[in-house]
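Chain residues, written in single-letter form:
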Number of protein chains: 4
Amino acid sequence: MALPVERTATGREYKVKDMLQADFGRLEIELAEDQMAALMSCRFEFGTSQPLKGARIAGYLHMTPQTAVLIETFTALGAEVRWCSSNAFSTQDHAAAAIARDSAAVFAWKGETPQEYWWCIERALDWGPGGGPDLIVGDGGDAILLILEGIKAEETYEITGNLPDPASTKNPELQILLTIIRDGLETDPKRYHKMKERLVGVSEATATAVERLYGMQADGTLLFPVINVNDSVTETKFQNSCGCRPCGPDGLLMAADVEIAGKVAVVCGYGDVGKDCATALKKSGACVIVTEIDPIRALQALMEGILVLTLEDVVSEADIFAVTAGGSKGIITVDHMRKMKNNAIVCNIGPFNNAIDMSGLETFPGVKRVTFNLRTDRWVFPDTESGVIVLAEGRLVNLARATGHPSLTTASCSFANHAMAQLELWMERDTGKYEKKVYALPKHLDEKVAAYHLGKLGAKLTKLSKEHTD
Amino acid sequence: MALPVERTATGREYKVKDMLQADFGRLEIELAEDQMAALMSCRFEFGTSQPLKGARIAGYLHMTPQTAVLIETFTALGAEVRWCSSNAFSTQDHAAAAIARDSAAVFAWKGETPQEYWWCIERALDWGPGGGPDLIVGDGGDAILLILEGIKAEETYEITGNLPDPASTKNPELQILLTIIRDGLETDPKRYHKMKERLVGVSEATATAVERLYGMQADGTLLFPVINVNDSVTETKFQNSCGCRPCGPDGLLMAADVEIAGKVAVVCGYGDVGKDCATALKKSGACVIVTEIDPIRALQALMEGILVLTLEDVVSEADIFAVTAGGSKGIITVDHMRKMKNNAIVCNIGPFNNAIDMSGLETFPGVKRVTFNLRTDRWVFPDTESGVIVLAEGRLVNLARATGHPSLTTASCSFANHAMAQLELWMERDTGKYEKKVYALPKHLDEKVAAYHLGKLGAKLTKLSKEHTD
Amino acid sequence: MALPVERTATGREYKVKDMLQADFGRLEIELAEDQMAALMSCRFEFGTSQPLKGARIAGYLHMTPQTAVLIETFTALGAEVRWCSSNAFSTQDHAAAAIARDSAAVFAWKGETPQEYWWCIERALDWGPGGGPDLIVGDGGDAILLILEGIKAEETYEITGNLPDPASTKNPELQILLTIIRDGLETDPKRYHKMKERLVGVSEATATAVERLYGMQADGTLLFPVINVNDSVTETKFQNSCGCRPCGPDGLLMAADVEIAGKVAVVCGYGDVGKDCATALKKSGACVIVTEIDPIRALQALMEGILVLTLEDVVSEADIFAVTAGGSKGIITVDHMRKMKNNAIVCNIGPFNNAIDMSGLETFPGVKRVTFNLRTDRWVFPDTESGVIVLAEGRLVNLARATGHPSLTTASCSFANHAMAQLELWMERDTGKYEKKVYALPKHLDEKVAAYHLGKLGAKLTKLSKEHTD
Amino acid sequence: MALPVERTATGREYKVKDMLQADFGRLEIELAEDQMAALMSCRFEFGTSQPLKGARIAGYLHMTPQTAVLIETFTALGAEVRWCSSNAFSTQDHAAAAIARDSAAVFAWKGETPQEYWWCIERALDWGPGGGPDLIVGDGGDAILLILEGIKAEETYEITGNLPDPASTKNPELQILLTIIRDGLETDPKRYHKMKERLVGVSEATATAVERLYGMQADGTLLFPVINVNDSVTETKFQNSCGCRPCGPDGLLMAADVEIAGKVAVVCGYGDVGKDCATALKKSGACVIVTEIDPIRALQALMEGILVLTLEDVVSEADIFAVTAGGSKGIITVDHMRKMKNNAIVCNIGPFNNAIDMSGLETFPGVKRVTFNLRTDRWVFPDTESGVIVLAEGRLVNLARATGHPSLTTASCSFANHAMAQLELWMERDTGKYEKKVYALPKHLDEKVAAYHLGKLGAKLTKLSKEHTD
């Protein structure tokens, strides 16, 4: 598939829904700038020295007004940027139009087909014959996957002369990807190798992609340095954990149009995420019940006035089930779901996709799936005509992300971490500091991001005098 | 203007955006039924006895899945229903399609022009030559206004033979309304008189319309009985006051895409609404400051750990300003707004439209208004290039309503109150119980609505024994 | 009984435990002054004009450092004061010593016998042959009761020549009181009549005494004007309702040495006091369950995430039972108490003494009462050996009062209301404004008390401009 | 000093205030048993097997009803126990009497002089000529200090024949201790050596003592195994951190009789303790301000709606200052204290004694110290006559401990940890598992203590099935 690419008056490529929305997009970007304190401070600090001069950055991250502030921080620091969205439905078309018109090559629109989605990724990585990006901003591994599969196919082709065969797999996503690689392979049989050669590093923000990258590091197949911004403190404190506030109750509200107040909500697991989730649900007026396997955590819940029971005790009476436990599978089974009230809501606020037994649900004889929206399905059991609402197909309800970024400080931290990581990778590109490994974001950059916000929010830090530290 | 009216196979009239969305609308209505506990209990209690048999109900209220549950409660109880929306932008087209196909005559779609909006109202009131509705469900006074202006024009026409002249007014809404009346007048010069004759009563849910109706009662110009459901306890406790939860922080989030946490929020007034608003903002992570004129309320705020200062003290440092004070005008003046931080947010959570000096703002020399969405404008001052964000044009940020009904128990209470009121008016239509006055919803009906919810939410009421009350 | 009265160097009478504690008492009074913002502001405002010059004030109120600040406010404004405690155990001896030495005639010590308790009251009322006080500060009705019984006895004596006979009653308190009256009657057969003649008015702060005074007003037997400070807004908002904070969880802690966190607490009734109590218990880490008879209140509890069940549902599983319901008797019956867990705690946070069926408990065959401290009894049932802990003998756990005043703003409001009332009664003594009725504290004085605190707490009130109120 | 020791009918030694209080003490112990769920479960589990048969346990820990439950758990498991208090003022005499009469050799009363305090410790360690205890329960290092100083003195004496000279030190505590050792040395010059030989191990619960023991381990001077129960999870989660609830606001209330609501409270440091302290103060109605040096923590405070400022910004306006920061000295200096409001309250909720500059305060020219009670001093500056209230002499306001244990689950966890540690040390006494080192309480024992509580509090743990963990 080859869609027509358009060009601005200055010759920059793009493909967006409607360039007429650019003015409105600009308005919302200006509003978002006000909320993205860290990025704006970053521009202020580094803008004149142009540290990213000469850097090519490819971004793969929801194309929203907040992301626009990140993109224009990169261009303000001197970089040349190409961008696509990490989700086929999350693009805000007016923001995409404004960026396409004013700042960077954008390939993104709301409602891309799978073919279009992968085409956009390919476009974002393509700087023409001269190769790919120096740096990649990653939010999930698809952009990286394309490069890796491309390299694999090129190697096979070099040795055997065989082109990749999309029919060799049943995975429809992989079919599309192989088609794209196949179609480009004869034109330039070293394209992805050249990309890899040029690539200085990647900053990655999602837990699952980071996990996969660590796996590659362990296997020795990691081909470039990675800075993991997902585990930075500002990310974990404010994105993963405080993010439960918008992610939990607000997410439920938005996904399933349900009021929390007056409902019985079961939170499976009372670790950090579970605590935040329980607190957020309590503040929204739910009666919260916790399930736990660890006696100390159970006692902590009790001391906060929260009943600790087993899932079996409450499965047929609760209205909302949020799984936050990590490391276990099948916390909520099909049997549990069959015992739930009609239209009980089941969601996963933890990182493990198998915490809710989705495959058991999908293969339950006669089960019917009714899709309400991107994140909400009702699964109806044939014998009872009763159904449960499962959010986000049982995967992490990272709703904040999916709707753009309701929690702006969250986005502000996360995106500023990306900016810090990209700057670091670029500045150290020739020093050998970063090998082909996954690195945590250096602590001082993490703190810098927090500090950037403080001024905007009117806080004053205490400085330690010598006396104090003696 | 005469738009083509369509008809279902059974001959029922409608005009909606897209009948193909009816199946999806039905799905969401089924989901909403689960949340509208009181209406479903009402159907269960009264369905077989068909108490509304023979009643014609015209509804003027946002056409959403929740409203659909109300409409189908009326039809389940035997009524014949016609419906339009009380807001040109609030209709959810899939819900409108489902109702049009299955249950009632609907004239509503998202994004009606002013002409279309009034045409829909006229359609909803029109039962053909035989006259109008027996009962009206009101959510703002426009449906009533059309009838009253119609009667006035008919009287003038009878006496003077003069048709109403739209050019006689500068008010664009009134021009449309007079045009509609004029165009119908020659066909049937007694149409609105006949409507009035037939009308048994109205239930009304908005504060401003209720206020106007009390005014008519005082003037002796009220032409029919009204039950005021806006001041019922279940309405005020859960819609007006608890409604601050979705209305306040959530509303801010949705309207202006702003995170509350870390912001300084000023709440003007610490009455019931102010307390709820302050609590909701604190729970969302704001640092809340209160302004008050009453020393006792001020002390109450203090004892909750909230600073009490004057607006002048904080006007240039706060991020969010929420006015909840009643009975005073110009709480927030243009002078205040000029001193605020760029993109400070100003909104009104109280019932008085003049609490924020909008006319002063609109007439400020050189001020520029930039509209973001239906509820959000940025007003930029010419000299400073700094601007404030004003929500809902300075009127009550009744955002819950405007987006459909995120707070479902709220909608559930409000709509069930409508149902109770309509039933009451209809059952008592021949007893003379209700004269041409505004009545509060009888207390036992109010309690019935609360009680309807309790079972659904798993609560058990204590019953007083004789011993207790001796 | 006639105890020896001592005299200071200046001739002022007193009887306290240990005059050597006066210095230490003075220290604590100085500390308390800092907390009693309203009284100190009152001294500052009125001290120079000496408005109470010539007034004799008798006070009947716990003799604590906080009360000392009230007493010395009276003397600072010119009054002559005599004082006793309203509770035989609440006197803080060092505070009593300091006041006796420096400011007023005090008759109070911790651990008075019933005889001593009544002797102290008599002393506080006795200004010698010239009669009694002009004003009385009341905290419970005992000082008033002595005067009323005295008058009755004098009337009987005048007519029949009969002295009152303590043996005529089985009530041991009344026996003591009649003895005191009898012993004084022959010396001065018009003593209590003269007291009544002189008495300008009484300010009263307890609900039960106020209730009795309203009863007298209804019977026409009220002999003097009363200002009811118990129902003033600053009293009800901060003493009765916010007072639940120290009164509820803190009170439980102090009385029964029990931790709230992790316990299941049942709150009977979800009115104003019930809401405050439930909130305070939740904040302390209890899992709170509410019982209610009113569906609207029940729904309010639910919407705050609180389960609503019947007492029967939870009686055998909860740890703490707090009755806040008003107007009903026997909310918690002996049958309930028999079903409770061993050492479940039962207390009454409402104004009605019969909400817990104490007489049923006391007369239960074979029940054993074990007293832990002034406010805590364990009642053991003979068959099960299981017992319940009942606080404050089932009466209002007004623990704040009983331990002195842990909630100082509470005391500060309450005592300042007394001061305002006394000033008002005295200033208007000749105007006829106050008849022999019970009056609410005038609103402007109530607000003055709130306003007095604001400055101290750093708050700034907003002043309405003319524009606002137009 | 040699006080007379008394004996029970069975010959067990004791010295308490008043044996007549034993019945009342027994009542309170029974009440406390109900709260000490873990210890009672421990008795239930181990009582029949008598695992401590033959063990001599010396305890050095506040002699309260809660401690009595610990002591009687030891005796129920077969141990022989001697006990003294770790604080001269914390003994509850009725509990001491009950234990002395029924269970163990107690040497403790409220208000011991320093001489008496050390005499009690010596008594608790003295099993007669046969030597000392097998196990020591420690709460602060004084019991251990006596043994170590004893050994040192015996060594010197053996070599030089010199007796320890109390006059050789200016430290009054050390003088007493040396006197005791000197007076016993000639009777038995190997007494403390024999104690050391017998000693199987120590469980220690205070941070400072544990720190000193780790120091000894590092120096190679630790003479016996220690289990550190201070850092067990149930201790840190519930004693150190949740303990802030009673320790913070309640402690302030008790120590200085101050109401928190309406006050401005500054919390220095927003680590774990700081967060808990800030939350507790907010719940009590304070307006909380945080000072921080770390930008990430500062941002966390902000996102909870808490202002972050420097101490200088607020020093003259706040009412309460709570230092929670660790690792720094002089957080609050004399200069700060001089700028505070009169009677501002200063306290230390962190482990470092020099966080508040007490020596600077004590040596300030002309400063006057006024002692209110054990934990409360007012320090008045000579020039301003203004003073600050310093709690607990600037050391950790571990008020929970000092008043007995208001937080019973806290005590219950802490004491059960002691019991687990003692059992472990005793069971493993011959296995060589524990060397002369400081050990953490084994994780499974820590969890056992949490689990003990769950049943009592009605919680049910979830058990992992094999499926989950696959």
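Computed from a prediction, not measured in an experiment: that's the story for all the values here.

A.B. asks: What's the story with the overall build of chain A in this structure? I'm lost.
C.D. replies: Each helix and strand in chain A was counted, giving 20 helices and 17 strands. The 470 residues of chain A split such that 59% are buried. Across chain A, every contact between residues at least 6 apart in sequence was considered, and the portion connecting residues at least 24 apart equals 73%.

A.B. asks: In this structure, what is going on with the UniProt feature "binding site: NAD(+)" (unreviewed entry) in chain A? I would like to understand it.
C.D. replies: Residues and elements named next belong to chain A. According to UniProt, the feature "binding site: NAD(+)" (unreviewed entry) maps to T206, A207, T208, E292, N398 and H405 in the numbering used here. Judged by C-beta crowding, with 21 C-beta atoms within 10 Å, T206 ranks as buried. Of note, A207 is situated in helix α9 (residues 207-219).

A.B. asks: Is there a simple way to explain the sheet that holds strand β7 (residues 201-204) of chain D in this structure?
C.D. replies: Note: strands within a sheet are paired through backbone hydrogen bonds, in either parallel or antiparallel orientation. All names here are of chain D. The strand order across the open sheet formed by 7 strands is β5-β4-β3-β6-β7-β8-β17, and the pairing between neighbours is parallel. Strands at the two margins of the open sheet, each flanked by one partner only, are β5 (105-107) and β17 (438-440). Direction aside, neighbouring strands of the sheet carry axes that sit 20° apart on average. Two elements, strand β3 (residues 56-60) and strand β6 (residues 135-138), share 4 bridges in a ladder whose sense is parallel. The partner of A58 across the bridge, within β6, is I136. Against the sheet, helix α5 (residues 114-125) makes contact with β3, β4 (80-84) and β5, and its axis sits at roughly 170° relative to β4, the strand it touches most.

A.B. asks: How do you make sense of the environment of V334(B) when you look at a structure like this?
C.D. replies: Residues and elements named next belong to chain B. Its place among the elements puts V334 in helix α15 (residues 334-339). Residue V334 is classed as buried on the basis of its C-beta count, with 21 C-beta atoms lying within 10 Å. As a C-alpha pair, V334 and G360 span 26 residues in sequence and 6.1 Å in three-dimensional space. Excluding residues within four positions of it along the chain, V334 makes contact with D357, G360, L361 and F364.

A.B. asks: What is the right way to read the relation of the copies chain D and chain B from this model?
C.D. replies: Note: a rotation about an axis with an accompanying shift along it relates these two copies of the chain. Of the transformation superimposing chain D on chain B, the axial component is 0.0 Å and the angular component is 180°, with the fit at an RMSD of 0.2 Å. What the rotation and shift describe, once combined, is the action of a two-fold rotation axis. When C-alpha distances to the rotation axis are compared across chain D, the minimum falls at C287(D), with a value of 4.9 Å. Of the residues that chain D buries at the interface, 100% are likewise interface residues in chain B, meaning the two copies contact each other through the same surface.

A.B. asks: Can you help me understand the pairing of strand β15 (residues 376-380) of chain C in this one?
C.D. replies: The two faces of a sheet get side chains in turn, since along a regular strand they alternate between them. Residue and element names in this part refer to chain C. Of all 5 residues in β15, 4 are buried, a share of seventy percent or more. One ladder, built from 5 bridges, connects β15 with strand β16 (residues 387-391); its direction is antiparallel. Looking at the pairing, W379 lines up with V388 of β16.

A.B. asks: Please clarify how helix α5 (residues 114-125) of chain C should be interpreted in this entry.
C.D. replies: An α-helical turn contains 3.6 residues, so any two residues separated by three or four positions project in the same direction. Residue and element names in this part refer to chain C. Here α5 is 12 residues long and its end C-alpha atoms lie 17 Å apart, about the 16 Å a rise of 1.5 Å per residue gives. Turning to α5, its buried residues are Y117, W118, W119, C120, I121, R123, A124 and L125. Those residues of α5 hidden inside the fold are in contact with β3 (56-60), β4 (80-84), β5 (105-107), α6 (142-160), α7 (172-185) and α8 (191-198).

A.B. asks: Looking at this structure, I do not really get the nonpolar core. What am I missing?
C.D. replies: What tends to happen in soluble globular proteins is that the nonpolar side chains get buried as a cluster. Membership of the largest hydrophobic core comes to 299 residues, with the highest contact counts inside it found for V106(A), V267(B), V346(B), W83(C), V106(C), V267(D) and V346(D). Setting aside residues no more than four positions away along its own chain, V346(D) makes contact with F321(D), I332(D), M337(D), I356(D), V388(D), I389(D) and V390(D).

A.B. asks: What am I meant to see in the pairing of strand β12 (residues 320-323) of chain C here?
C.D. replies: Residue and element names in this part refer to chain C. Alternating residues of β12 divide into I320 and A322 and F321 and V323, and every residue in both groups is buried. Pairing analysis gives 4 bridges linking strand β9 (residues 264-268) to β12, with the strands arranged parallel. Its bridge partner being in β12, C268 is matched across the sheet by V323.

A.B. asks: Is there a simple way to explain the packing of helix α1 (residues 22-35) of chain D against helix α3 (residues 65-76) of chain D in this structure?
C.D. replies: Any two packed helices are characterised by the angle at which their axes cross and by the distance between the axes. Residues and elements named next belong to chain D. For the pair α1 and α3, interaxial distance at closest approach is 8 Å and the crossing angle is 75°. As judged from the angle between their axes, α1 and α3 are roughly perpendicular. Packed against α1, whose contacting residues are E28, I29, A32 and E33, the element α3 presents P65, Q66, A68 and V69 at the interface.

A.B. asks: What should I look at first to understand the interface of chain D and chain B in this one?
C.D. replies: As a measure of interface size, the accessible area lost when the parts come together is often cited. Listed per partner, the contact involves 13 residues of chain D and 13 residues of chain B. For the side of chain D that touches chain B, the elements supplying multiple residues, two or more each, are β10 (287-291) and α13 (295-303) of chain D. Taken together, the residues of the side of chain D that touches chain B sort by class into 8 nonpolar, 3 polar and 2 charged.

A.B. asks: Just checking my understanding: could you explain the sheet that holds strand β3 (residues 56-60) of chain B for this structure?
C.D. replies: Residue and element names in this part refer to chain B. Strand order in this open sheet of 7 strands is β5-β4-β3-β6-β7-β8-β17, and the pairing throughout is parallel. Two strands in the sheet have a free side with no partner beyond their single neighbour: β5 (105-107) and β17 (438-440). When strand polarity is set aside, the average angle formed by the axes of neighbouring strands in this sheet is 20°. Each of β3, β4 (80-84) and β5 is contacted by helix α5 (residues 114-125), which is oriented at about 170° to β4, the strand it contacts most. Sitting on the sheet, helix α9 (residues 207-219) touches β6 (135-138), β7 (201-204), β8 (226-228) and β17, and the angle it makes with β17 is about 125°.

A.B. asks: Looking at this structure, how should I read the environment of P295(B)?
C.D. replies: Along the chain, P295(B) turns up in helix α13 (residues 295-303). Using a count of 22 C-beta atoms within 10 Å as the deciding quantity, one classes P295(B) as buried. Beyond its immediate chain neighbours, meaning those up to four positions away, P295(B) contacts E447(C), A450(C), A451(C), L454(C) and L461(C).

A.B. asks: Just to check I follow, could you spell out unusual backbone geometry for this structure?
C.D. replies: Only a minority of non-glycine residues have a phi that is not negative, and only a minority of peptide bonds are not trans. Residues and elements named next belong to chain B. The residue N343 is not glycine, and still its phi comes out positive at about 65°. Note on placement: N343 falls in the loop between α15 and β13 (344-348). Here N343 falls in the partly exposed class, since 19 other C-beta atoms lie within 10 Å of it.

Parameters and conventions
- Residues numbered from 1 in each chain as written.
- Chains lettered and ligands numbered in written order.
- Predicted model: local features only at pLDDT ≥ 70, side-chain atom pairs only at ≥ 80, totals over all residues.
- Helix = DSSP H or I, 4+ residues; strand = E, 2+ residues; numbered from the N terminus.
- Buried ≥ 20, exposed ≤ 12 C-beta atoms within 10 Å, placed from the backbone.
- Contact = placed C-beta atoms within 7 Å.
- UniProt positions renumbered as here; feature names shortened; annotations may be inferred.
- Pairing = 2+ DSSP bridges.
- Axes fitted to C-alpha atoms, helices over the stretch in contact; angles between N-to-C directions.
- Least-squares fit on C-alpha atoms with pLDDT ≥ 70 in both.
- Expected span 1.5 Å × (residues − 1).
- Core = buried A, V, L, I, M, F, W, Y, C linked by C-beta atoms within 7 Å.
- Parallel < 35°, antiparallel > 145°, perpendicular 65-115°, else oblique.
- Nonpolar A, V, L, I, M, F, W, Y, C, P; charged D, E, K, R; others polar.

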